[in-house]
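Spelled out, the chains give:
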Amino acid sequence: VEAKRESRPARGAPQNPLLAMSIMSYNGAAIIAMVGKNCVAIASDLRFGINQQQTTAVDMKKIHKIHDHLYVGLSGLATDQMTLAQKFKFRHNLYKLREGRNMKPETFAHVVSNVLYEKRFGPYYAEPVVAGLDPVTGEPFITGMDLIGAMAPTTNFVVCGNNEESLFGVCESMYKENLEPEELFEVIAQCLLAGVNRDCLSGWGGVVHVISKDKLITRTLKGRMD
Amino acid sequence: MARRYDSHTTTFSPEGRLYQVEYAIEAISHAGAAVGLRTNEGVVLAAEKKILSKLLETSVASEKMCKLDDHVAVAVAGINSDANLLINSARLFAQRYAAGYSEPVPIEQLVHHLCDQKQGYTQFGGLRPFGVSFLFAGWDKSSGFQLYQSDPSGNYAGWTATAIGANNQAAQAILKSEYAPSMSLNAARKLALKVLKQTMDSTILMPEKVEMCEVARAHEVPSEKHIRFRMASDKELEELCGLANSATLPTS
């Protein structure tokens, strides 16, 4: 879902009828999550831009840890992404205090969906990707969502960001089922780097987390810095 | 004389007393004792369990201790259902603070918020006060390890060592003579159980009758990430109770 609005030129500046910006491409992001054998991987790019043209930071991770086996990546408007990350942390902390245990990924995905739908008619301009393992059984779970909380759980991969078509393309070509953590890392890393290369709003390297029951692999990727 | 002025919380007596608040404080002196000690390595809370039954399902929830956030916990003395309400309010306050400031809530602010709530029930609305006293144990970056005590009136104070609940005067007397601010966390754990043993009715301290928790450093460096709340395990309690039962207290 893309929310388009006409960008308003500064007072006194000449009108440019060709300038129409989508709020979802104001900052830029690319996120992929994949399912492997008893593991999940989630990766994002590191670019943080303002008003599309200006790259302001190259270490902006869009993936947030909820607990040891649950991560959420958020694309879209950066300020909404940051606020939502805080809201999700808030909800999970209270859940953990009251229940005495961590949230299951499906439960968390529903919480995310609810938080987004609460703002159905004035939404957060962020699209999340949830990736995690069931804390008890270790079963992998990933899902993507639109900005008003429609979940789309799959058993292979989800992508979101500015260049979804490219990301889908590389994932479709390179993804295989039942990959071991190290293999999954290779695949998701290559998919991310290839996917962001054709998008000027995402890139500048990447970060990958591969989550297995007893191990976490986190690596930063070096890509084309442009 | 007192009977005329003790039904409404929002009325002073001619002697300038709030009887309902005093009665609430009296209610807590019948509750299970809780003792807290602060050291440079952490804060220890120990409490006597009053509800004991083989039929009781001991799940994750504890009777006396409660975690409010990763860096702060409370021990409860008084009416548990009243305490649950306040604990929920404290947890929400702590999370809202963390969401707004991106840092853990400073302990005194949390205590203050809870006490303001308690005070409200002594001044507005005509509702009875909360019959709960708390011992807060926590750590924050600016003030380090802290121990606070609050009562139904909404008063609170910071302590190096204190006790609430049944026989708390006896407990405080022992703490006065035996507590030293330079104690190690281990010594504080032992002293906490020694004090409980003296204030409880039984001659032998049974591990099933006590609970203990601490907010302490997990590693050497006292950064926010390394402070954690921990409930004492059954094995640990058994060990410490054994020590308390064999030790003899010096005559004061």
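In this text, all values refer to a predicted model and were calculated from it rather than measured experimentally. (Residues numbered from 1 in each chain as written. Chains lettered and ligands numbered in written order. Predicted model: local features only at pLDDT ≥ 70, side-chain atom pairs only at ≥ 80, totals over all residues. Heavy atoms only, no water.)

**So, the overall build of chain A**
Condition: Only DSSP runs of H or I reaching four residues or more are called helices, and only runs of E reaching two or more are called strands; each is numbered from the N terminus. Throughout, radius of gyration means the C-alpha value; the globule benchmark is 2.2 Å times the number of residues raised to the power 0.38. Any residue under 20% of the maximum accessible area for its type is buried, any over 50% is exposed, and the rest in between are partly exposed; the area is computed with a 1.4 Å probe on protein chains only. Contacts are residue-level and defined by heavy atoms, with any inter-residue pair within 4.5 Å sufficient. What sets the accessible areas is the Shrake-Rupley method with a 1.4 Å probe; for residues, cover comes only from the shown protein chains. Residues counted as positive are Lys and Arg, residues counted as negative are Asp and Glu, and His and the chain ends are not counted. Working definition for charges: the position is that of NZ of Lys, CZ of Arg, CG of Asp or CD of Glu.
Helix and strand counts for chain A stand at four helices and 14 strands. Compactness check: chain A gives a C-alpha radius of gyration of 17 Å against a globular reference of 17 Å for 226 residues, within 12% of the reference. If one aligns the C-alpha atoms of chain A with their principal axes, the spans along those axes are about 60 × 40 × 25 Å. Across the 226 residues that make up chain A, the buried fraction comes to 52%. Restricting the contact set of chain A to residue pairs at least 6 apart, pairs at least 24 apart contribute 60%. Accessible surface, chain A as shown: approximately 11,100 Å² in total, 50% of it carbon and sulfur. Taking the average location of the 25 positive side-chain charges in chain A and that of its 24 negative ones, the two points are 7 Å from each other.

**A short note on the interface of chain B and chain A**
The condition that has to hold: The term buried area denotes the loss of accessible surface (1.4 Å probe radius) that occurs when two parts are joined, taken as the sum for both partners. One speaks of a salt bridge when a side-chain nitrogen belonging to Lys or Arg is within 4 Å of a carboxyl oxygen belonging to Asp or Glu. In the analysis that follows, any N or O atom pair within 3.5 Å is treated as a polar contact, provided that within protein one partner can donate a hydrogen and the other can accept it, and provided that, for residues neighboring in sequence, both atoms belong to side chains. Note on residue categories: nonpolar means Ala, Val, Leu, Ile, Met, Phe, Trp, Tyr, Cys or Pro, charged means Asp, Glu, Lys or Arg, and polar means any other residue, Gly included.
Opposite the 11 residues of chain B that make contact, chain A presents eight residues. Taken over both partners, the interface formed by chain B and chain A buries close to 860 Å², and the fraction arising from carbon and sulfur atoms is 59%. Looking at the side of chain B facing chain A, the largest losses of area belong to Arg91(B), Gln95(B) and Ala99(B), adding up to 54% of the total buried there. For the pair chain B and chain A, the interface holds zero salt bridges. Where chain B packs against chain A, one counts five residue pairs in polar contact (both at pLDDT 80 or more). Counting only elements with at least two residues in the side of chain B that touches chain A, the list comes to strand S3 (65-69) and helix H2 (80-101) of chain B. The residue makeup of the side of chain B that touches chain A, split by class, is four nonpolar, three polar and four charged.

**Details of the pairing of strand S6 (residues 144-150) of chain B**
All names here are of chain B. Quick reminder of the rule: Should DSSP find at least two bridges between two strands, the strands are regarded as paired.
With respect to burial, S6 is a largely interior element, seven of its seven residues being buried. Both strand S5 (residues 132-140) and S6 contribute to a ladder of seven bridges, which runs antiparallel. Paired with alanine 137 across the bridge in S6 is leucine 147. A loop of three residues connects S5 with S6, the two strands running antiparallel in sequence. Here S6 runs beside strand S7 (residues 156-158); their pairing, made up of three bridges, is antiparallel. Among the inter-strand pairings, serine 150 is bridged to a residue of S7, identified as tyrosine 156. Hairpin geometry of S6 and S7 is characterised by an intervening segment of five residues between the two adjacent antiparallel strands and by a positive phi of about 95° at glycine 154.

**Brief notes about the side chain of Ser113(A)**
Residue and element names in this part refer to chain A. Secondary-structure assignment places serine 113 in helix H2 (residues 105-117). The buried category is assigned to serine 113, whose relative accessible area is 14%. Here the side chain of serine 113 touches glycine 149 through a polar contact of 2.6 Å, landing on its backbone oxygen.

**Focus on the packing of helix H1 (residues 78-99) of chain A against H2(B)**
Short version of the rule: In this analysis, axes come from line fits to C-alpha atoms, helices being fitted only over the stretch in contact, and the angle between any two N-to-C directions falls in the range 0 to 180 degrees. Here the angle decides the label: under 35 degrees means roughly parallel, over 145 means roughly antiparallel, 65 to 115 means roughly perpendicular, and every other value means oblique. With the far helix as reference, a near helix turned anticlockwise by less than a right angle produces a left-handed crossing, and one turned clockwise produces a right-handed crossing.
Put simply, H1(A) and H2(B) touch, their axes get as near as 9 Å, and they point 155° apart. By the angle between their axes, H1(A) is roughly antiparallel relative to H2(B). At the point where H1(A) passes H2(B), the crossing takes the right-handed sense. Side by side, H1(A) and H2(B) meet where Gln86(A), Lys89(A), Phe90(A), Asn93(A), Leu94(A), Leu97(A) and Arg98(A) of the first sit next to Asn88(B), Arg91(B), Leu92(B), Gln95(B), Arg96(B) and Ala99(B) of the second. Each residue belonging to the contact of H1(A) with H2(B) can be placed in one class, and the counts come to five nonpolar, four polar and four charged.

**Let's talk about the pattern of salt bridges**
Residues and elements named next belong to chain B. Counted by the stated rule, this structure contains 15 salt bridges over all chains. In this structure, the salt-bridge partner of arginine 230 is glutamate 236, at a minimum N-O distance of 3.0 Å. Using a relative accessible area of 17% as the deciding quantity, one classes glutamate 236 as buried. Taken together, the shared-partner salt bridges in this structure form one network comprising Arg189, Glu214, Arg230 and Glu236.

**Some words on the side chain of Gln149(B)**
Residue and element names in this part refer to chain B. Mapping glutamine 149 onto the fold places it in strand S6. Given a relative accessible area of 16%, glutamine 149 falls into the buried group. A polar atom in the side chain of glutamine 149 sits 2.8 Å from the side chain of threonine 162. Among residues more than four places away in sequence, those in contact with glutamine 149 are Phe134, Leu135, Asn155, Tyr156, Ala157, Trp159, Thr162, Ala163 and Ile164.

**Concerning a negative patch on the surface**
The condition is simple: Only residues whose relative accessible area exceeds 30% and that form no salt bridge are eligible for patches; like-charged ones are grouped when within 9 Å, while nonpolar side chains (Val, Leu, Ile, Met, Phe, Trp, Tyr) are grouped when within 5 Å.
A grouping of Glu208(B), Asp234(B), Glu238(B) and Glu239(B) is seen on the molecular surface, where their side chains present a negatively charged patch. Its location among the elements puts Asp234(B) in helix H6 (residues 234-246).

**Topic: unusual backbone geometry**
Positive phi, close to 55°, is recorded for Asn38(A), a residue that is not glycine. Structurally, Asn38(A) can be placed in the loop between strand S3 (30-35) and strand S4 (39-45).

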